[in-house]
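# Notes for the structure review
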Amino acid sequence: MGLIENLKSYSEGVQISDEKKKVFTSFMSKGFPTTKDEEWKYTSLKKIVTKEYTIENTGEIIDSSTVIKYSLGFENRIIFSDGKLIGSPNIKGVSINGFSNFESNTTDSVLQLNKALAQNGFTITVDKNTVLESPIEILFFTNTENNFSQYRNLISVGDNAEVKFVERIQTLNDSTSMVNNFTQIHCAKNTKVEYNKIQNNTPGSRLIDTVNVYQEQDSTCDINTLIFGGSFTRNNLNFEQNGSNCESNMNGVSILNDNQLADNHTFVDHKSAHCRSNEMYKGVYLGNSKGVFNGKIMVRPDAQKIDAFQSNNNLLLSDNSTIDSKPQLEIYADDVKCSHGCTIGQLDEKALFYMRSRGIGIEEAKAVLTYAFASEAIENISVEEVKLLAQKLLAQKLNVDLDFSL
Amino acid sequence: MLQIKNLKAGIEDNQILKGINLEVKAGEIHAIMGPNGSGKSTLSAVIAGNEDYEVEGGNINFNGKNLLELDPEERANNGVFLSFQYPVEIPGISVSNFIKTSITEKRKAQGLDPIPTKDLLKMMREKMELLSIKQGYLSRNMNEGFSGGEKKRNEIFQMAMLDPKLAILDETDSGLDIDALRIVANGVNKLRSADNATIIITHYQRLLDYIVPDFVHVLYNGRIVKSGGAELAHELEEKGYDWVTNEEDKKWA
Ligand SMILES: Nc1ncnc2c1ncn2[C@@H]1O[C@H](COP(=O)(O)OP(=O)(O)O)[C@@H](O)[C@H]1O
Ligand SMILES: [Mg+2]
């Protein structure tokens, strides 16, 4: 038994279209990816998928104190309980609905599974020229013990619109739950989109999260990924630039301890000229934690004048922590500025002495320097509440006492 | 307050300090001068506890404690402060949080609770005013993108906040224009008391026009080769270091 069996019996009891059946059959023939797959070489799903999960779910009402506890307090909130949409706001210029069927790229078997069996998620359409000041907050709660849930979300942002999102996936019990979340974002001309992912789930939680972004000309899309919690996290961010003057920005922080694993896979497909991409991922690894970074940048033959910047900097702060970092550059155009750097290091000795000479004890000095190292990747977050939460979680996890009102 | 006896220290096989003797009493200001490469920064680093340097002999006594047995943070919390010749940039940590952390750690060492944020801010404002530091500076990242002068002023600001017993100012005047120099000197003078002492390391006489030392020492080739009163600085300015170093070179030739 295991997740595959759970899924098989679940699929027999639900009505799905012939097309989805076909996709599911294809998934079943491949199964979950293994470490033999190049894209999953350093991240094994084996232990995770051999567990038993509950797939049917109740969609219980979440009491408001729970919502308040995990919300950052924005007025526009979309709330899911075990997959069921239980709350959605009315916003002028924005239509928000539940799950819808849409086409997507399904090369990966995890995405095939999502396409075949996901029946929950949101569909957001932002009308052109709509500029939202306050972010849309999305809260996915898991209530049922040992739940496996899938979300399939679509965001379409019309010309000249500007919108920000804050997403949080939260398990409300201490069982081992798993989420397979897929979000597809279409950024039309001259749009600005910022998507913040707060990944601070319970120690038993597993997550596979994929975002595919399709950008048209003059659009800017930022995705910030903040990984503090969860036992297993795999993020796939894929950007496709289909027009000139697009900008794709990714910032990520992982602060892991115990046996946590976090894998960030990014892919920027520069298909058009005069575009930019920036990615900055910072990782801090304590205990037996494990980090994986794989950043692929593809510059197609016609995509001249591309500026692509990628960095992945890591601190290994224990003997048993590991990081596998792999930049992958495929550049087929000649007028391209592309830089990438990966560092695995210790703390700066000069800075450490400087702090100690100010009376700061060595452990505290190390923690503060680690905080400083990681915080660089959250500086670009434009939603103040998210930035503040990230700073607090960072300080908490590193056990430093900093005052963010200062 | 501070007694240094026959201090020898170096890095790897290279002995930099070759037997330093120095006594500093509470209320005094000492200036240590000397050409580049004499060992002035090394001396200050050894006093502050920089572990890059190995102490090969001698001892340092600070208010009855053997300083060489203490960690850098313990020395600081006992009242030693070093204004760095090259202050370190720490991206990602604001000036205010840096200072808050050091004040909290100092109080912790004294068995005191953290100071309330409100009081801390008030204290910071006072000291900023003393040093003509502009608003907005507190939220900047520690020394990141600071000009040379801003970095030095930030050192003195920290000194003002930490209120040390012994302050060592290593080339604090370099990088300062004349107005900034005056402000910093004025700050140092205001912070002076009968209970604290200052060692000013410089190779120009300029700063000593504003902060008048009680003693001037010339450090050359790892030794203090001449000591005198404030007038020695003027003499050096007039005659140049050759006046002392030639004699010294002859002695060791
Ligand atoms: N960290 C170091 N590594 C190697 N040599 C050093 C180091 N620090 C100082 N020195 C050497 O020791 C001597 C004294 O340097 P320093 O103390 O900086 O002199 P000063 O401050 O008087 O200019 C110089 O020759 C310098 O090159
Ligand atoms: Mg020096």
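Above this text sits the structure in question.
Residues numbered from 1 in each chain as written. Chains lettered and ligands numbered in written order. Predicted model: local features only at pLDDT ≥ 70, side-chain atom pairs only at ≥ 80, totals over all residues. Heavy atoms only, no water.

## Considering the overall build of chain B
The number of helices and strands found in chain B is eight helices and 12 strands. In terms of overall size, chain B behaves like a compact globule, its C-alpha atoms giving a radius of gyration of 18 Å where 253 residues would be expected to give roughly 18 Å. The C-alpha extent of chain B, read off along each of the three principal axes, is 60 × 40 × 35 Å. By residue count, 54% of the 253 residues in chain B fall in the buried class. A fraction of 68% describes how many contacts in chain B between residues 6 or more apart in sequence connect residues 24 or more apart. For chain B, the exposed surface amounts to about 11300 Å²; the carbon and sulfur share of it is 46%. (Helix = DSSP H or I, 4+ residues; strand = E, 2+ residues; numbered from the N terminus. Rg over C-alpha atoms; globule rule 2.2 N^0.38 Å. Buried < 20%, exposed > 50% of the residue type's maximum accessible area, 1.4 Å probe, protein only. Contact = heavy atoms within 4.5 Å. Areas by Shrake-Rupley, 256 points an atom, 1.4 Å probe, with all protein chains shown as cover.)

## A closer look at the coordination of the magnesium ion (ligand 2)
All names here are of chain B. Protein-derived coordination of the magnesium ion (ligand 2) comes from Ser41 (OG) and Gln85 (OE1), at a distance range of 2.1 to 2.2 Å. Of the two residues, serine 41 sits in helix 1 (residues 40–48) while glutamine 85 sits in the loop between strand 6 (80–83) and strand 7 (90–94), which places them 44 residues apart along the sequence. What makes serine 41 partly exposed here is its relative accessible area of 28%. Looking at glutamine 85, the relative accessible area reads 19%, which means it is buried. (Donors = N, O, S within 2.8 Å, 3.2 Å for Na, K, Ca; no water.)

## Focus on a negative patch on the surface
All names here are of chain B. Taken together, the side chains of Glu12, Asp13, Glu54 and Glu56 present a region of like negative charge at the surface. Counting through the fold element by element, glutamate 56 comes out in strand 4 (residues 54–62). The exposure class assigned to glutamate 56 is partly exposed, which follows from its relative accessible area of 38%. (Patch = residues over 30% accessible without salt bridge, like charges linked within 9 Å, V, L, I, M, F, W, Y side chains within 5 Å. Salt bridge = Lys/Arg side-chain N within 4 Å of Asp/Glu carboxyl O. Lys, Arg positive; Asp, Glu negative; His and termini not counted. Charge placed at Lys NZ, Arg CZ, Asp CG, Glu CD.)

## Regarding the pairing of strand 9 (residues 192–199) of chain A
Residue and element names in this part refer to chain A. Counting buried residues in strand 9 gives seven out of eight residues, a clear majority hidden from the surface. Bridge count between strand 7 (residues 162–171) and strand 9: seven bridges; the pairing is parallel. Paired with valine 163 across the strands is valine 193, a residue of strand 9. Where strand 9 and strand 11 (residues 220–227) come together, eight bridges link them in parallel fashion. (Pairing = 2+ DSSP bridges.)

## Overview of the interface of chain A and chain B
Often, the extent of an interface is quoted as the loss of accessible area on bringing the components together. Listed per partner, the contact involves 24 residues of chain A and 37 residues of chain B. Between chain A and chain B, a total of about 2500 Å² is buried, with carbon and sulfur atoms accounting for 61% of that surface. Linking Arg356(A) and Glu51(B) is a salt bridge whose minimum nitrogen-to-oxygen distance equals 3.6 Å. At the boundary of chain A with chain B, the tally comes to 11 residue pairs in polar contact (both at pLDDT 80 or more). Secondary-structure elements contributing two or more residues to the side of chain A that touches chain B are helix 6 (349–356) and helix 7 (362–375) of chain A. Counting residues per element, the side of chain A that touches chain B draws most heavily on helix 7 of chain A, at seven residues. Considering only residue class, the side of chain A that touches chain B consists of 12 nonpolar, four polar and eight charged. (Buried area = accessible area lost by both parts, 1.4 Å probe. Polar contact = N/O pair within 3.5 Å; in protein donor to acceptor, adjacent residues only side chain to side chain. Nonpolar A, V, L, I, M, F, W, Y, C, P; charged D, E, K, R; others polar.)

## Looking at the sheet that holds strand 16 (residues 290–299) of chain A
Residues and elements named next belong to chain A. Strand order in the open sheet formed by nine strands is 3-4-6-8-10-12-14-16-18, and the pairing between neighbours is mixed. Only two strands of the sheet have a single partner each, and these edge strands are strand 3 (94–97) and strand 18 (322–331). Here the average twist between neighbouring strands, direction ignored, is 5 degrees. Relative to strand 4 (residues 123–126), strand 3 runs antiparallel, the two being bridged by four bridges. Each residue of the ladder has a partner; that of valine 94, found in strand 4, is valine 126. Packing against the sheet, helix 5 (residues 109–117) makes contact with strand 6 (148–157), strand 8 (178–187) and strand 10 (206–215), and its axis sits at approximately 85 degrees to strand 6. (Axes fitted to C-alpha atoms, helices over the stretch in contact; angles between N-to-C directions.)

## Side note on the site of ligand 1
Residues and elements named next belong to chain B. Taken together, Ile11, Ile16, Pro35, Asn36, Gly37, Ser38, Gly39, Lys40, Ser41, Thr42 and Tyr53 make up all the residues around ligand 1. Within the backbone of glycine 37, one N or O atom sits 2.8 Å away from an oxygen atom of ligand 1. Between ligand 1 and serine 41 there is a distance of 2.8 Å, counted from an oxygen atom to a backbone nitrogen or oxygen. Burial of ligand 1 by the protein amounts to 60% of the accessible area it has alone, namely 560 Å². A per-element tally of the shell around ligand 1 places helix 1 first, with three residues. Its residues placed into classes, the shell around ligand 1 shows four nonpolar, six polar and one charged. (Near = heavy atom within 4 Å.)

## So, the environment of Val193(A)
All names here are of chain A. Position of valine 193 relative to the elements: it lies in strand 9. Valine 193 sits 27 residues away from threonine 220 along the chain, and the two C-alpha atoms are 6.3 Å apart. In contact with valine 193, other than residues within four places in its own chain, are Val157, Val163, Phe165, Cys187, Thr220, Cys221 and Asp222.

## A few points about helix 5 (residues 148–162) of chain B
For helix 5 of chain B, built from 15 residues, the straight-helix expectation of 21 Å at 1.5 Å per residue is met to within 8% by its first-to-last C-alpha distance of 22 Å. The element helix 5 of chain B is largely enclosed, with a buried count of 13 among its 15 residues. (Expected span 1.5 Å × (residues − 1).)

## Concerning the sheet that holds strand 7 of chain A
Residues and elements named next belong to chain A. Spatially, 2-1-5-7-9-11-13-15-17-19 is the arrangement adopted by the 10 strands of the open sheet, whose pairing is mixed. Two strands bound the open sheet, and with one partner strand each, they are strand 2 (84–87) and strand 19 (336–345). When strand polarity is set aside, the average angle formed by the axes of neighbouring strands in this sheet is 10 degrees. As paired strands, strand 5 (residues 136–142) and strand 7 are joined by seven bridges and run parallel to one another. When the bridges of strand 7 are listed, isoleucine 138 appears paired with glutamate 167. Helix 7 contacts strand 13 (247–256), strand 15 (276–285) and strand 17 (306–316) of the sheet and is inclined by roughly 160 degrees relative to strand 15. Where helix 8 (residues 384–398) meets the sheet, its contacts fall on strand 7, strand 9, strand 11, strand 13 and strand 15, and the angle it forms with strand 13 comes to roughly 25 degrees.

## Section: the side chain of Thr183(A)
Residue and element names in this part refer to chain A. Of note, threonine 183 is situated in strand 8. For threonine 183, a relative accessible area of 1% puts it in the buried group. A polar atom in the side chain of threonine 183 sits 3.1 Å from the side chain of asparagine 153. Those residues in contact with threonine 183, other than ones at most four positions away along the chain, are Asn153, Ile155, Glu167, Tyr195, Thr210, Val211 and Asn212.

## Observations concerning empty space enclosed by the protein
Residue and element names in this part refer to chain B. Under the definition given, this model contains five cavities of 30 Å³ or more. Roughly 110 Å³ of internal volume is contained in the largest cavity. The wall of the largest cavity is formed by 13 residues, among which Met159, Pro164, Ala167, Leu191 and Asn196 lie closest to the centre. Within the residue set of the lining of the largest cavity, elements represented by two or more residues are helix 5, strand 9 (166–170), helix 6 (178–191) and strand 10 (197–201). (1 Å grid on protein atoms, 1.4 Å probe; cavity = no way out; pocket = protein on both sides within 12 Å on 5 of 7 lines; lining within 4 Å. Points joined across faces, edges and corners; volume = space filled by probe spheres on them.)

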